[in-house]
Amino acid sequence: MPVRHPELLPAIAAGFAVALAHLRWIMLTQWTCKTCGTTHLHCECKPAWVRKLL
Ligand SMILES: [Zn+2]
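Cut-offs applied
Residues numbered from 1 in each chain as written. Predicted model: local features only at pLDDT ≥ 70, side-chain atom pairs only at ≥ 80, totals over all residues. Heavy atoms only, no water. Helix = DSSP H or I, 4+ residues; strand = E, 2+ residues; numbered from the N terminus. Rg over C-alpha atoms; globule rule 2.2 N^0.38 Å. Buried < 20%, exposed > 50% of the residue type's maximum accessible area, 1.4 Å probe, protein only. Areas by Shrake-Rupley, 256 points an atom, 1.4 Å probe, with all protein chains shown as cover. Donors = N, O, S within 2.8 Å, 3.2 Å for Na, K, Ca; no water. Tetrahedral: all angles 85-135°; square planar, octahedral: opposite > 155°, others 65-115°. Patch = residues over 30% accessible without salt bridge, like charges linked within 9 Å, V, L, I, M, F, W, Y side chains within 5 Å. Salt bridge = Lys/Arg side-chain N within 4 Å of Asp/Glu carboxyl O.

Visitor: Explain the overall build of the protein to me, please; I cannot follow it from the model alone.
Guide: Scanning the protein for helices and strands turns up two helices and zero strands. Against the globule reference of 10 Å for 54 residues, the protein gives a C-alpha radius of gyration of 16 Å, more extended than a compact globule. Overall, the C-alpha framework of the protein stretches about 50 × 20 × 15 Å when taken along its three principal axes. A burial count over the protein gives 15% of its 54 residues as buried. Accessible area of the protein: about 4,800 Å², with a carbon and sulfur share of 70%.

Visitor: Teacher, can you tell me more about the coordination of the zinc ion here?
Guide: Perfect tetrahedral coordination of a metal by four donors corresponds to 109.5 degrees between them, and perfect octahedral coordination by six donors corresponds to 90 or 180 degrees. Coordination sphere of the zinc ion, protein contribution only: Cys-33 (SG), Cys-36 (SG), Cys-43 (SG) and Cys-45 (SG), at 2.2 to 2.3 Å. The coordination sphere of the zinc ion comprises four donor atoms, whose angles at the metal cover 104 to 118°; the geometry is tetrahedral.

Visitor: What am I meant to see in a nonpolar patch on the surface here?
Guide: Taken together, Leu-8, Leu-9 and Ile-12 make up a surface patch of nonpolar side chains, about 280 Å² in accessible area. Residue placement: Ile-12 occurs in helix H1 (residues 8-30).

Visitor: Any chance you could explain the environment of Leu-9 here in plain terms?
Guide: Tracing the sequence through the fold places Leu-9 in helix H1. Separated by 42 residues in sequence, Leu-9 and Arg-51 place their C-alpha atoms 30 Å apart.

Visitor: Please clarify how the environment of Leu-53 should be interpreted in this entry.
Guide: Relative to the elements of secondary structure, Leu-53 occurs in helix H2 (residues 48-53). Considering only alpha carbons, one finds Leu-53 and Ile-12, 41 residues apart in sequence, at a separation of 22 Å.

This is a description of form; function is not addressed.
Okay, here's the thing in structure tokens:
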């Protein structure tokens with residue numbers, strides 16, 4: 001499928017980035033750690049890959 005509106009691509013990319021940042025924020029503030037019971041924002045025991053990802 002040819003791209004007919006190349007000018008829309010940055011807008012789509014920006015929207016995707018915003019959605020991803022929002023999802024990341026929800027994960028950090030709403031999800032609680034099963035081990036320590038605090039949100040991932042304050043959790044100190046989450047794995048290193050989660051720490052790097054979030
Ligand atoms: Zn924890």
